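If you want the building blocks of each chain, they are given just below.
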Amino acid sequence: MSQLFPSALLETLRKARSIAVLTGAGISAESGVPTFRDAQTGLWAKFKPEELATAEAFLRNPKMVWEWYRYRFDMVRTVQPNPGHYALAEMERRVSEFTLVTQNIDGLHQKAGSRNVQELHGNIQRYKCFEDNQAVESWAPTEEMPPKCPRCGGMIRPDIVWFGESLPDGPYVAAHMASETCDVFFSIGTSAVVFPAAALPGMALRAGAVVVEINPERTPLTAQATYVFQMPSGQLLPELVKAAWGAVDSSKQ
Ligand code: BV8
């Protein structure tokens, strides 16, 4: 498959001082985690995001929203990283500056060994109080759904960013900085339609970075990207890392 990769891209990767990566649900698809917008299998094909992934939906029907996230949480706990996640962890080991910005809430990048992971939309395995947004590590066993905050009695919610909510400052500032300063920016497995995350690849392009998109489908970014690989990331990434930097750590295939 190495003939797939233009030598100019491989050279650029080997010489890169700084690489930034933006991932979306597509990179976890080969781990068995449903995406949002893939027809039929996508979560939004069955449920309406505005009916589930907003604070208004939670206030309107806290039990239904709580149960929907617990269903996704139970699924995420059973899945494993795929070769695409491991290849990004390997890429991080080969570059002096590496920032992995993810829109995903499944924690699979960390499980695969990635270290500098910026979670723009939170993490489904963390919880917080709906009233004061402070973390809630644990609560007494209860049948109540959602359970109540042990500090103030408010409702407990997943620590993720819903539509209409602002992104956590730290990860967003780090993502912004990386997009502005990187030599190469990868956009992997995202439909590039949700902002402000979807603005990051354009920022990198305007700052002079080489932009690489990996996605079996076209997206609003495809026409502007420097390189486009319309293939599943779990197949393409290990081959790209091997072609650019030599064999990927086989224990992590
Ligand atoms: C904000 C966590 C403002 C939750 C998510 C009206 C009111 C307020 C805001 C807005 C508004 N109208 C628009 C907005 C902005 C809004 C937005 O962008 N809406 C879109 C729909 C137009 N954004 C927001 O609301 C954001 N906040 O703007 O706040 C503000 C500012 C200041 C102060 C206060 C408020 C917050 C957005 C975050 C929402 N949370 N997730 C949860 O998970 O339940 S969004 C969710 O969808 C993801 O996190 C991700 O970000 C987003 C897109 O999903 P993708 O990851 O791209 O997945 P998708 O299924 O779409 O695509 C998968 C891709 O993978 C496909 O292209 C497929 O081809 C590809 N693929 C499939 N298999 C593979 C593959 N690729 C590679 N390999 C494979 N094997």
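Reference entry: report on the structure contained in this document. (Residues numbered from 1 in each chain as written. Predicted model: local features only at pLDDT ≥ 70, side-chain atom pairs only at ≥ 80, totals over all residues. Heavy atoms only, no water.)

Moving on, we come to the overall build of the chain. Looking only at helices and strands, one finds 11 helices and eight strands in the chain. The globule rule puts the C-alpha radius of gyration for 253 residues at 18 Å, and the 19 Å found for the chain is close to it. With the C-alpha coordinates of the chain rotated into their principal frame, the extents come out at 60 × 35 × 35 Å. Taking all 253 residues of the chain together, 53% fall into the buried category. A sequence separation of at least 24 residues applies to 66% of the contacts in the chain between residues at least 6 apart. Summed over all atoms, the accessible surface of the chain reaches about 11700 Å², with 52% contributed by carbon and sulfur. Taken as two groups, the 24 positive and 27 negative side-chain charges of the chain have centres that lie 2 Å from each other. (Helix = DSSP H or I, 4+ residues; strand = E, 2+ residues; numbered from the N terminus. Rg over C-alpha atoms; globule rule 2.2 N^0.38 Å. Buried < 20%, exposed > 50% of the residue type's maximum accessible area, 1.4 Å probe, protein only. Contact = heavy atoms within 4.5 Å. Areas by Shrake-Rupley, 256 points an atom, 1.4 Å probe, with all protein chains shown as cover. Lys, Arg positive; Asp, Glu negative; His and termini not counted. Charge placed at Lys NZ, Arg CZ, Asp CG, Glu CD.)

Looking only at helix α1 (residues 7-15), the buried set comprises Leu9, Leu10 and Leu13. Axial view of α1: buried residues confined to an arc of 100°, hence all on one face. Pointing more than 90 degrees away from the buried face of α1 are the exposed residues Ser7 and Lys15. For α1, the secondary structure elements touched by its buried residues are β1 (18-23), β6 (184-188), β7 (210-214), β8 (227-229) and α11 (233-245). (Arc of directions from axis to C-beta.)

The subject of this paragraph is the nonpolar core. Grouped together as the largest cluster of nonpolar side chains are 31 residues, with contacts concentrated most on Leu13, Ile19, Met91, Phe186 and Val212. Listing elements by their share of this core, those giving two or more residues are α1, β1, α7 (83-94), β2 (97-102), β6, β7, β8 and α11. Looking at this core element by element, the count peaks at seven residues for α11. When neighbours within four sequence positions are excluded, Phe186 is seen to be in contact with Leu13, Ile19, Ala20, Val21, Leu22, Met91, Val212, Ile214 and Leu240. Judged by nonpolar contacts, the second largest core, of 23 residues, contains Phe58, Trp66, Tyr127 and Cys149. (Core = buried A, V, L, I, M, F, W, Y, C linked by side-chain atoms within 4.5 Å.)

Before going further, it helps to examine the site of the ligand. Phe36, Arg37, Tyr69, Gly164 and Ser191 are the nearest of the 33 residues found near the ligand. The side chain of Ser191 places a nitrogen or oxygen atom 2.6 Å from an oxygen atom of the ligand. Taken by itself the ligand offers 1500 Å² of open surface, and the protein chains cover 73% of this. Where the shell around the ligand is concerned, the elements lending two or more residues are α2 (26-29) and α6 (62-78). Across the shell around the ligand, the residue classes tally to 15 nonpolar, 12 polar and six charged. Counting contributing residues per domain, the shell around the ligand is built from domain 1 (2-31 + 81-121 + 166-252) and domain 2 (42-77 + 130-160), each supplying no fewer than three. (Near = heavy atom within 4 Å. Polar contact = N/O pair within 3.5 Å; in protein donor to acceptor, adjacent residues only side chain to side chain. Nonpolar A, V, L, I, M, F, W, Y, C, P; charged D, E, K, R; others polar. Domains from an automatic or database assignment.)

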